[in-house]
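One letter stands for each residue in the lines below.
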Amino acid sequence: MRQYLSLILLLVPAILFATLLWIFKTNIHLGIRQVFPFLPWQFWAIAIFGSVATCGGILDWRYHRNPLNLKIPKKERDAEAAALGLGGIPMFILMWVSMMSNSPKVYLIPILIVLIYTVVAICYDEFVFHIKRCGKQESTFHRMLVGGNGIAWLAWFHFIYCQ
C-alpha cells in the first residue's frame, strides 16, 4: 500500500474537486450557470491545468516503477508523500472552505502558510532527490505536475479572492 500512497494522494484533489462541484452545484458561491460556459473561466483553467498536472504525476509515478523499478529511496517517497499529504490535501481543504465561505479572507493567512510549506516540500524533493538523477523525460513529468498544479491553484485563488 505504501508504494501507492503518492498515487492515491495525487488523485484525491481531482476526484474530490469534481465530486464537490457536483454535490454543491446549486451553491451560489460557485457561480455555476445553466447555460454555456456553465462554469466560471477559472474552473475551466483548473480542469485543464489540473489535468496536465495529474497526467504528469501519473506518468512520473509510472516512470518510477518502470524503468526505475522502484529504486527510490524511502526518504524520497516520504518527501513526496509529505508534499502531497501535508501540503496538497490541507491546501485543498482550506481553498474549498474559503470558496464556500461568506468571509474567505479569514482563510488567507492559513492558505499562505500551507502554500509556503508546500513549495518548500516540493523544492526539497526536487533539489535533494531529483536534481542529479532526473533525465529530460522525468523532468518533463515534474514540470507538468508542478506547473499544472501551480496554474490551477492560481486560477482557484483568483476565483476566490479576485472577483
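Notes on the structure follow. As the structure is a prediction and not an experimental result, all values here were calculated from the model.

Structural notes on the overall build of the protein chain
Regarding its fold elements, the protein chain presents five helices and zero strands. Counting helices and strands in the order they occur from the N terminus, the protein chain gives α-α-α-α-α. Over its C-alpha trace the protein chain gives a radius of gyration of 17 Å, about what one expects of a compact globule, namely 15 Å for 163 residues. Taking all 163 residues of the protein chain together, 38% fall into the buried category. Sequence separation of at least 24 residues holds for 80% of the intrachain contacts in the protein chain that already meet a minimum separation of 6. Accessible area for the protein chain stands at about 9,700 Å²; split by element, carbon and sulfur atoms hold 72% of it. Side chains of the protein chain carry 14 positive and 7 negative charges; the gap between the two charge centres is 5 Å.

Some words on the packing of aromatic side chains
What the rule picks out here adds up to 12 aromatic pairs. Ring geometry for F17 and W96: centres 5.9 Å apart, planes at 90°, overall edge-to-face. Separated by 79 residues along the polypeptide, F17 in helix α1 (residues 5–23) and W96 in helix α3 (residues 74–100) bring together distant segments of the chain. Accessibility assignment for this pair places F17 and W96 in one class, buried. Ring geometry for F43 and F159: centres 4.6 Å apart, planes at 45°, overall tilted. Of the two residues, F43 is situated in helix α2 (residues 41–65) and F159 in helix α5 (residues 136–161); the sequence distance between them amounts to 116 residues. Just as F43 is buried, F159 falls in that class too. Each residue in the set F17, F24, F43, F92, W96, W156 and F159 is aromatic and connected to the rest through ring pairs, giving one cluster. The side chain of K25 reaches across the aromatic face of W22, ending 3.3 Å from its centre.

So, helix α4 (residues 108–130)
Relative to the 33 Å expected for 23 residues at 1.5 Å per residue, α4 spans 31 Å between its end C-alpha atoms, a close match to the ideal helical length. Structurally, α4 contributes buried residues whose contacts are with α2, α3 and α5.

Considering α5
Counted at 1.5 Å a residue, the expected span for α5 with its 26 residues is 38 Å, and the 36 Å between its end C-alpha atoms agrees. Three or more residues of α5 are buried, namely E138, F141, H142, L145, G148, A152, W153, A155, W156, F157, F159 and I160. On its buried face, α5 sits against α1, α2, α3 and α4.

Some details on the layout of surface pockets
Approximately 170 Å³ is the volume attributed to the second largest pocket. Around the second largest pocket sit 13 residues that line it, and H29, M99, F159, I160 and Q163 are the ones nearest its centre. Broken down by secondary-structure element, the contributors of at least two residues to the lining of the second largest pocket are α3 and α5. Considering every element that reaches the lining of the second largest pocket, the biggest residue donor is α5, with three residues. Its residues placed into classes, the lining of the second largest pocket shows eight nonpolar, five polar and no charged.

Brief notes about the side chain of H142
Positionally, H142 belongs in helix α5. At 3.0 Å, the side chain of H142 and the side chain of E126 are in polar contact. Setting aside its immediate chain neighbours within four residues, H142 contacts D60, H64, E126, H130, C134 and G147.

Each value, and the rule that gives it
One numbering rule holds for all chains: residues counted from 1, following each sequence as written. Selection of residues for local features in this predicted model requires a pLDDT of at least 70, selection of side-chain atom pairs for listing and counting requires 80 or more, and totals for whole chains, interfaces and linings are taken over all residues. To obtain the side-chain values, all non-hydrogen atoms of the structure were used and water was disregarded. Strands here are runs of E lasting at least two residues and helices are runs of H or I lasting at least four, both read from the DSSP assignment and numbered beginning at the N terminus. Just to be clear, the radius of gyration here is over C-alpha atoms, and the globule rule we use is 2.2 Å times residues to the power 0.38. Relative accessible area decides the class of each residue, using a 1.4 Å probe on protein chains only: under 20% of the type maximum gives buried, over 50% gives exposed, and in between gives partly exposed. The criterion used for residue contact is that any of the two residues' heavy atoms lie within 4.5 Å. Residue-level accessible areas treat just the shown protein chains as cover; the underlying method is Shrake-Rupley with a 1.4 Å probe. In this count, Lys and Arg are taken as positive residues and Asp and Glu as negative ones, while His and the chain termini are left out. Here the site of a charge means atom NZ of a Lys, CZ of an Arg, CG of an Asp or CD of a Glu. Pairing of aromatic side chains requires ring centres within 6.5 Å, counting the rings of Phe and Tyr and the six-membered ring of Trp. Pairs whose planes differ by under 30 degrees are stacked, by over 60 edge-to-face, and all others tilted. Charge-over-ring contacts are defined here by two conditions on Lys NZ or Arg CZ: a distance within 6 Å of the ring centre and an angle within 35 degrees of the ring normal. The span one expects for a helix is its residue count, reduced by one, times 1.5 Å. Cavity: a set of points on a 1 Å grid over the protein atoms alone where a 1.4 Å probe fits but cannot get out. Pocket: an open set with protein on both sides within 12 Å along at least five of seven lines, its lining residues, like those of a cavity, having an atom within 4 Å of a point. Grid points are joined across faces, edges and corners, and a volume is the space filled by probe spheres set on the points. Amino acids outside the nonpolar list (Ala, Val, Leu, Ile, Met, Phe, Trp, Tyr, Cys, Pro) and the charged list (Asp, Glu, Lys, Arg) are all regarded as polar, and Gly is one of them. Under this definition, polar contacts are N or O atom pairs within 3.5 Å; protein pairs additionally need one hydrogen-donor-capable and one acceptor-capable atom, and for neighbouring residues in sequence, both atoms have to be side-chain atoms.

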